[in-house]
Amino acid sequence: MDFAFDARTEELRARLLAFMDEHVYPAEQIEHEQRAQLASPWDTPAIIEELKAEARKQGLWNLFLPDSEHGAGLTNLQYAPLAEITGRSPNLAPTALNCAAPDTGNMEVLAQFADDEQKKQWLEPLLAGEIRSAFAMTEPEVASSDATNIRTRIERDGDDYVINGRKWYISGAMNPNCRIFIVMGKTDPDGEDVRRQQSMILVPRDTPGVEVRRAMQVYGYEDHSHGGHAEVVFHDVRVPASNLIDEEGSGFAIAQARLGPGRIHHCMRLIGMAERAIELMCRRAVSREAFGKAIAQQGVVQNWIADARVTVEQLRLLVLKTAWLMDTVGNRGAHTEIQAIKIATPRAVVDILDKAVQVHGAGGVSQDFPLAELWAAARTLKLADGPDEVHQRSLARRELKRYV
Ligand SMILES: Cc1cc2nc3c(=O)[nH]c(=O)nc-3n(C[C@H](O)[C@H](O)[C@H](O)COP(=O)(O)OP(=O)(O)OC[C@H]3O[C@@H](n4cnc5c(N)ncnc54)[C@H](O)[C@@H]3O)c2cc1C
């Protein structure tokens, strides 16, 4: 078993680490300052476009997409350590490299399931980083972790489909440059097969009847750099029938295909967040004294640091194994491991961030350090892309099947 990264990964890692030092970390403060000056906090600060241009020039672009026709053609195992590095600055680096959710998942859906016309109209500008996109599945009225509950209707009317429904926590949708929504709804709500009732359809933001109603908060944060998480209402929204992705009834299967890679990308970035937390925790602990000695000399703090290091090493190995399985036996074959990392990573990283907050004292919960915001972001991943309990249930069922 070889634990070393291959030559291409090492070369990209070196370039990406240099890009982070030279461009991304210095831009974090600039982004805050520029956003405060914008007419609307949902607009894009100039520094983000500058970062994107620089990343593209350096060939650090669309690294997430394994398809070499549209993306960088990296395997999951090659991309994993790169995504981890971007997770150290999750508000800026993924966007700079055109590797940010939800666009990544949406581009994967379009690359895999869209027809040529849909690809030309939406995939090409997304790959070029000219527009942003959103994925609209979750609904406030129903338990949306069970996609069979979705109530939004997509009804055929002549050459059009008409969409009615209410969604929330639609990431990215507050950004006015989010031009396209992939909407999940039911075309056949009474169909016998509950997994064939759903379809996905492309809804341009400027279609009459689309109402981006409000920004939902995350523990009080509005997540401006992610384009927020909007409540969006569709009132008799009419789009051409050609906007349907794939065929009627394929929405459930597309959602499953979309979430596999998305889950591992989140976990890779979470490990990067944890690395940043450990670094901040150590720097703070060696630089402040309490009761006559450096905080770093307290045994309890050393235990937190040691435990955090052990946990990160364990998580990284499991994430890399999962990436390798996805490359070798496919997403379906890696199902158990994808669920295992999705359960293990947010939970552990939330705990590491919590300890880093503690070491920082009041500073830890303040706006002067990124820890509080990182904690909130990591905590949401125990819910988003499927709550832990749903993954635990399904993983346990597969495990139990071997004994009954
Ligand atoms: C920051 C953020 C960003 C998001 N971005 C998007 C987005 O871009 N697009 C989108 O469509 N959605 C998005 N979501 C929504 C997210 O995917 C949903 O919140 C998630 O799927 C859970 O659905 P729900 O909120 O309806 O919870 P529910 O389905 O109501 O579940 C609530 C709880 O019930 C329990 N539960 C449910 N099922 C089971 C089970 N089988 N066994 C045991 N317990 C169970 C779990 O504890 C679960 O957390 C986002 C959410 C957040 C917080």
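These numbers were taken from a predicted model, which means no experiment stands behind them. (Residues numbered from 1 in each chain as written. Predicted model: local features only at pLDDT ≥ 70, side-chain atom pairs only at ≥ 80, totals over all residues. Heavy atoms only, no water.)

Caption draft 1: Local environment of the nonpolar core. Ranked by size, the top nonpolar core spans 86 residues in total, and within it Leu16, Phe19, Tyr79, Leu97 and Met200 carry the most contacts. Top contributing element to this core by residue count: helix 7 (residues 251–287), with 15 residues. Setting aside anything within four residues of it in sequence, one finds Leu16 in contact with Leu60, Leu82, Ile85, Thr86 and Leu97. Among the nonpolar cores identified, the runner-up in size contains 22 residues, and Val183, Ile201, Phe234 and Leu244 belong to it. (Core = buried A, V, L, I, M, F, W, Y, C linked by side-chain atoms within 4.5 Å. Buried < 20%, exposed > 50% of the residue type's maximum accessible area, 1.4 Å probe, protein only. Helix = DSSP H or I, 4+ residues; strand = E, 2+ residues; numbered from the N terminus. Contact = heavy atoms within 4.5 Å.)

Caption draft 2: Here's a closer look at the packing of helix 3 (residues 76–86) against helix 8 (residues 299–333). As a packed pair, helix 3 and helix 8 sit with axes 8 Å apart at the nearest point and diverge in direction by 145°. The handedness of the crossing between helix 3 and helix 8 is right-handed. Counted together, Asn76, Leu77, Ala80, Pro81 and Glu84 of helix 3 and Arg316, Leu320, Ala323, Trp324, Met326 and Asp327 of helix 8 form the full contact between these two elements. Partitioning the contact of helix 3 with helix 8 into residue classes produces seven nonpolar, one polar and three charged. (Axes fitted to C-alpha atoms, helices over the stretch in contact; angles between N-to-C directions. Left-handed = near helix turned anticlockwise from the far one by under 90°. Nonpolar A, V, L, I, M, F, W, Y, C, P; charged D, E, K, R; others polar.)

Caption draft 3: How the structure looks around the site of the ligand. As a structural note, the neighbourhood of the ligand is formed by 21 residues, with Phe135, Thr138, Ser145, Tyr169 and Ser171 the closest of them. Between the ligand and Phe135 there is a distance of 2.8 Å, counted from a nitrogen atom to a backbone nitrogen or oxygen. Take Ser144: an N or O atom from its main chain is 2.9 Å from an oxygen atom of the ligand. When the ligand is considered free in solution it has 980 Å² of accessible area, and contact with the protein chains removes 69% of it. If you list the elements that add at least two residues to the shell around the ligand, you get strand 1 (132–136), strand 3 (160–171) and helix 12 (388–401). (Near = heavy atom within 4 Å. Polar contact = N/O pair within 3.5 Å; in protein donor to acceptor, adjacent residues only side chain to side chain. Areas by Shrake-Rupley, 256 points an atom, 1.4 Å probe, with all protein chains shown as cover.)

Caption draft 4: Main features of helix 12. Under the 1.5 Å per step criterion, the end-to-end length of helix 12 is 20 Å for 14 residues, consistent within 8% with the ideal 20 Å. The set of residues buried in helix 12 consists of Asp388, His391 and Leu395. Buried residues of helix 12, seen end-on, are gathered within an arc of 70° and therefore sit on one face of the element. When the buried face of helix 12 is taken as reference, the exposed residues oriented beyond 90 degrees from it are Glu389, Arg397, Leu400 and Lys401. Residues of helix 12 that are buried in the fold lie against helix 7 and helix 9 (335–359). (Expected span 1.5 Å × (residues − 1). Arc of directions from axis to C-beta.)

Caption draft 5: Representation of helix 2 (residues 46–57). Across its 12 residues, helix 2 extends 17 Å between first and last C-alpha, which sits within 8% of the 16 Å expected from 1.5 Å per residue. Within the span of helix 2, buried status applies to Ile47, Ile48, Leu51, Lys52, Glu54 and Ala55. Along the axis of helix 2, the buried residues cluster in a sector spanning 165°; they form a single face. Contacts made by the buried residues of helix 2 are with helix 1 (7–37) and helix 4 (93–96). One or two residues past the end of helix 2 sits Gly59, with phi positive at roughly 75°.

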